[in-house]
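# Reading the structure
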Amino acid sequence: MAALALMVAACDEQKEAQPQASAQQQPQATPVGTVVLKAQTVGLVEEMPGRTVAFRKADVRPQVDGIIKERNFTEGGFVEAGDQLYMIDQAVYMAKLDAAQAELAKQRATLDQATKTLARYEKLIKTQAVSEQTYDDAVAAKAQANAAVAAAKAEIDQARINVEYTTVTAPISGQIGASSFSEGSLVTANQTSLLATITQLDPIYVDVTQAGGRLLKIKQAVQSGRIQGVETGNIEVSLIIDATGVEYPHVGTLQFSDVSVNETTGTVRLRAVFPNPEGVLLPGMFVRGQVRQGKLEGAFLVPQKAVMRRPDGTAYVYVIGDGKVVAKDIQIEQSQGSDWLVTDGVADGDELIIDGLQRIAPGAPVSGLPAETPKAAQ
């Protein structure tokens, strides 16, 4: 009886152990962090390197020879267009102007005499009191006198212009730099050295560069209607100053793009204009321009940490399908902060795995736990 009892107990233990072994053989679902993807309209923002360029720049040079008598500006200050900057000694040019005016008076007297002589000969030629040769000489003398008067007037104009050039004025409004010459310096009309430079800083240009192929793709997408909201002459550009990493407080507007691609770099230059009332931006500064290039409808923002790449560079992600890991190839448009902008490969409502990727593989059973949802770029 004792032996029979032991046999019955052993059979019971064996039956209990069989379900436990079967449970141990079934793989358990791995917990992973997921987000649910939603199709949305995303603004395309392209970040491009660039530099600031003066809106206008004028080199001030003398147009007549002479000694500088006055300098009438503060170096580094603001000057208005037409302000007097330098005064060159006028004495020589005033004397030339006086001589030209005297020459004009002389030629006018000659013209008056030639006119009266011709008038007398016109009466006498009718009665043949003078020869035709004499009459022709009188006509020629008057014509020569008229030409001499015109030449004298031109000399006066030239002399007056030279007198005006002795006052060197600002051609544009802006900040004026250091003066290369001071009072008492001799300057010449054809010298290569400039007197000073005026730079207009408000507004200011910002030149950024974009890959030629990328620009072509955007234009094709705009023409096909895939990208919306691009209006010529109304494309906004924001700016980040490299030296500080701070965003510039004013928004600029895209002015134009070059019609050719740089053969060395393969890039196209885009020029934007920014207001610069505080003078924060100076020519030559390195900046990063963020150009808004329309909106893309039906796109997905996928966290960059959820995207993996194969050796050939193709990108893919893991999503949950029927409780198991499914790999999906995706098409990336561009980066948007910490996300990738994906235009193809995933669908609205897909449960994307973003945490625990190292512990799973395609086909493995998983259980999704909600994680932080990616935010759309504004």
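Note on numbering: residues in each chain are counted from 1, in written sequence order. Per-residue local features of the predicted model are confined to residues with pLDDT of at least 70, and side-chain atom pairs are confined, for both listing and counting, to 80 or more; whole-chain, interface and lining totals are unaffected and use all residues. Calculation of side-chain values draws on the structure's entire complement of heavy atoms; hydrogens and water are dropped beforehand.

Counting its secondary structure elements, the protein chain contains four helices and 20 strands. Any two residues whose heavy atoms approach within 4.5 Å are treated as being in contact. Within the protein chain, contacts between residues separated by at least 24 positions form 77% of all contacts whose residues are at least 6 apart in sequence. Exposure was quantified through the Shrake-Rupley algorithm and a 1.4 Å probe, taking into account, for residues, occlusion by the shown protein chains and nothing else. For the protein chain, the accessible surface area stands at approximately 22,200 Å², while carbon and sulfur atoms represent 51% of it. What counts as a helix is a DSSP run of H or I of at least four residues, what counts as a strand is a run of E of at least two, and both are numbered from the N terminus.

Bringing helix α2 (residues 91-126) into the picture now. Helix length check: α2 (36 residues) gives 54 Å between terminal C-alpha atoms against 52 Å at 1.5 Å per residue, within 8%. The cut-offs for exposure are 20% and 50% of the maximum accessible area for each residue type, with area from a 1.4 Å probe on protein chains only; residues under the lower value are buried, those over the upper are exposed, and the others partly exposed. Among the residues of α2, those classed as buried are Y93, L97, A100, L104, Q107, L111, A114, T117 and L118. Where the residues of α2 are buried, they touch α3 (132-165). Helix span is expected to be 1.5 Å times the residue number reduced by one.

So, on to the nonpolar core. What makes a nonpolar core is a set of buried Ala, Val, Leu, Ile, Met, Phe, Trp, Tyr and Cys residues whose side-chain atoms join them at distances within 4.5 Å. Ranked by size, the top nonpolar core spans 30 residues in total, and within it F73, V79, L85, Y86, I176, L195 and I198 carry the most contacts. Looking at this core, the elements that each hand over two or more residues are β2 (40-60), β5 (84-88), α2, α3 and β9 (196-211). Leave out the neighbours within four places in its chain, and L85 touches V60, E70, R71, N72, F73, V79, V168, T169, A170, I176 and I198. M48, I241, Y248 and A272 belong to the second-largest nonpolar core, a separate cluster that totals 17 residues.

Of the pairings in the sheet, the one linking strand β16 (residues 315-321) to strand β17 (residues 324-336) comprises seven bridges and is antiparallel in character. Across the sheet, V319 pairs through a bridge with V326, a residue of β17. By this definition, two strands are paired if DSSP reports at least two bridges between them. Taken together, β16 and the strand that follows it, β17, pair antiparallel across an intervening segment of two residues, in which D322 is found at a positive phi of about 55°. Here β17 pairs with strand β18 (residues 339-344) via five bridges, running antiparallel. Paired with Q334 across the bridge in β18 is L341. Following β17, the chain reverses through two residues before pairing antiparallel with β18; G337 in that reversal takes a positive phi of roughly 65°.

The subject of this paragraph is the environment of D202. Counting through the fold element by element, D202 comes out in strand β9. Take D202: its relative accessible area is 38%, and that puts it in the partly exposed class. Taking the C-alpha atoms as reference points, D202 and E278, separated by 76 residues in sequence, lie 8.5 Å from one another. Once you skip the residues sitting within four places of it in the chain, D202 turns out to touch P275, N276 and P277. One polar contact links the side chain of D202 to the main-chain amide nitrogen of N276, over a distance of 2.8 Å. Throughout this description, a polar contact denotes any pair of N or O atoms lying within 3.5 Å of each other; where both atoms belong to protein, one of them has to be capable of donating a hydrogen while the other can accept it, and for residues adjacent in sequence the pair is counted only when both atoms sit in side chains.

None of this, on its own, says anything about what the molecule does.
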